[in-house]
Amino acid sequence: GAGVSQSPSNKVTEKGKDVELRCDPISGHTALYWYRQSLGQGLEFLIYFQGNSAPDKSGLPSDRFSAERTGGSVSTLTIQRTQQEDSAVYLCASSPHFLTRTGRWRAFFGQGTRLTVV
Amino acid sequence: GESVGLHLPTLSVQEGDNSIINCAYSNSASDYFIWYKQESGKGPQFIIDIRSNMDKRQGQRVTVLLNKTVKHLSLQIAATQPGDSAVYFCAETVQGGSEKLVFGKGTKLTVNP
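Here we summarise the structure given alongside this text. Computed from a predicted structure; not experimentally measured. What you see as residue numbers is a count from 1 along each chain, following the sequence as written. Following the order in which they are written, the chains are lettered starting with A and the ligands numbered starting with 1. Restriction of local features to residues with pLDDT of at least 70 applies here, the model being predicted, together with a cutoff of 80 or more for giving and counting side-chain atom pairs; totals for whole chains, interfaces and linings are based on all residues. Here the side-chain values reflect all heavy atoms present in the structure, with hydrogen atoms and water set aside.

### What to know about the side chain of Ser-74 of chain B
Residues and elements named next belong to chain B. Relative to the assigned elements, Ser-74 resides in strand E8 (residues 72-77). Relative accessibility thresholds used throughout: buried, under 20% of the residue-type maximum; exposed, over 50%; partly exposed, between the two (1.4 Å probe, protein chains only). Taking the relative accessible area as the measure of exposure, Ser-74 reaches 6% and is therefore buried. The contact definition used throughout considers only heavy atoms, calling two residues in contact when any of these lie within 4.5 Å. Leave out the neighbours within four places in its chain, and Ser-74 touches Ile-20, Ile-21, Asn-22, Trp-35, Thr-63, Val-64 and Leu-65. Think of it this way: any DSSP run of H or I at least four residues long counts as a helix, any run of E at least two long counts as a strand, and we number them from the N terminus.

Put into structure tokens, the structure is as follows:
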């Protein structure tokens with residue numbers, strides 16, 4: 001596809017259930033980011049994958065959150081035992097190069113997955 | 001720790017006026033800054049960026065100003081149009097570091113016809 005694709009676009013889940021959110025980055029992009037955006041708030045960094053390096057997980061809010069990136073392409077963000085405070089829009093972004101290589105942070109965002117925990 | 005904040009959460013302007021959106025950052029080590037525009041129901045879109053070795057950078061109808069002394073960033077939009085109505089975020093990062101981009105909370109710009 002032409003852009004970053006996220007699925008599902010909307011997800012309603014019951015408190016305590018596990019959810020998986022998927023991100024298909026732009027083909028060839030080596031960097032992939034996950035952010036969380038609560039209603040009316042800014043973007044909260046969650047995790048960052050860069051090539052084959054160990055991901056930067058410093059933004060994950062708890063051990064209920066985890067993410068994988070398989071084959072340097074598709075990424076899955078998993079939230080276990082969801083809580084109501086997990087309700088937010090989860091945004092994925094990908095970038096063709098590391099910042100330090102190009103000096104430019106050309107990241108492209110997907111439309112996001114709106115997660116509602118009831 | 002790192003944080004990026006905003007002076008005004010909302011801004012309302014008349015069509016054709018110039019808009020100025022402000023942003024403060026707290027990490028003195030940040031050396032790369034970006035403005036993003038987010039329309040309702042969409043992901044953020046890149047507008048313009050600036051590196052810390054510059055004070056000003058101009059794009060099409062937009063100008064970003066950086067004042068490192070007071071750790072302040074602004075986005076100026078000339079001849080604001082209804083299509084400019086959106087939430088604008090500033091973001092900062094440290095080049096050569098983790099490359100984690102830290103976003104502020106955003107300013108909602110409303111352009112009145």
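### A closer look at the pairing of strand E5 (residues 45-51) of chain B
Residue and element names in this part refer to chain B. Pairing of strand E4 (residues 32-38) with E5 involves 6 bridges; the strand directions are antiparallel. Paired with Tyr-32 across the two strands is Arg-51, which belongs to E5. Any two strands with at least two DSSP-identified bridges between them are counted as paired. Counted between consecutive antiparallel strands, the loop separating E4 from E5 contains 6 residues, among which Gly-41 sits at a positive phi close to 80 degrees.

### A look at the pairing of E4 of chain B
Residue and element names in this part refer to chain B. Summarising burial for E4: 7 of the 7 residues are buried, a large majority. Burial along E4 is two-sided: the face carrying Tyr-32, Ile-34, Tyr-36 and Gln-38 and the face carrying Phe-33, Trp-35 and Lys-37 are both buried. As paired elements, E4 and strand E9 (residues 86-93) share 7 bridges and run antiparallel to each other. Considered in E9, the bridge of Gln-38 is made with Val-87.

### Re the pattern of salt bridges
Counted as salt bridges are all cases of a side-chain nitrogen of Lys or Arg within 4 Å of a carboxyl oxygen of Asp or Glu. Counted by the stated rule, this structure contains 7 salt bridges over all chains. When the shortest N-O distance is used, the salt bridge between Asp-24 of chain A and Arg-22 of chain A registers 2.7 Å. Overall, Arg-22 of chain A belongs to the partly exposed group, its relative accessible area being 38%. For Lys-68 of chain B, the salt bridge identified is with Asp-55 of chain B, shortest N-O distance 3.3 Å. Here Asp-55 of chain B lies in the loop between E5 and strand E6 (56-58) and Lys-68 of chain B lies in the loop between strand E7 (62-67) and E8, a separation of 13 residues in the sequence. Classification of Lys-68 of chain B by relative accessible area gives partly exposed; the value is 36%.

### Here we look at the layout of surface pockets
It is the rolling of a water-molecule-sized probe over the atoms that shows where space remains empty. Counted as a void, the largest pocket has a volume near 730 Å³. In this analysis, the protein atoms alone were mapped onto a 1 Å grid. Cavities are point sets where a 1.4 Å probe fits without being able to get out; pockets are open sets with protein on both sides within 12 Å along at least five of seven lines; lining residues have an atom within 4 Å of a point. Forming the boundary of the largest pocket are 35 residues, of which Gln-37, Gly-40 and Arg-114 of chain A together with Gln-38 and Gly-41 of chain B lie nearest the centre. Broken down by secondary-structure element, the contributors of at least two residues to the lining of the largest pocket are strand E8 (88-95) and strand E10 (113-117) of chain A together with E9 and strand E11 (107-112) of chain B. Nonpolar residues are Ala, Val, Leu, Ile, Met, Phe, Trp, Tyr, Cys and Pro. Charged residues are Asp, Glu, Lys and Arg, and all others, Gly as well, are polar. Taken together, the residues of the lining of the largest pocket sort by class into 12 nonpolar, 18 polar and 5 charged. Looking at the second largest pocket, its volume works out to about 230 Å³. Leu-43, Glu-44 and Phe-45 of chain A together with Val-102 and Phe-103 of chain B are the residues nearest the centre of the second largest pocket, which is lined by 16 residues in total. Secondary structure elements with two or more residues in the lining of the second largest pocket: strand E4 (31-37) and strand E5 (43-50) of chain A together with strand E10 (102-103) of chain B. If you tally residues by element for the lining of the second largest pocket, the top one is E5 of chain A, at 3 residues. Grid points are joined across faces, edges and corners, and a volume is the space filled by probe spheres set on the points.

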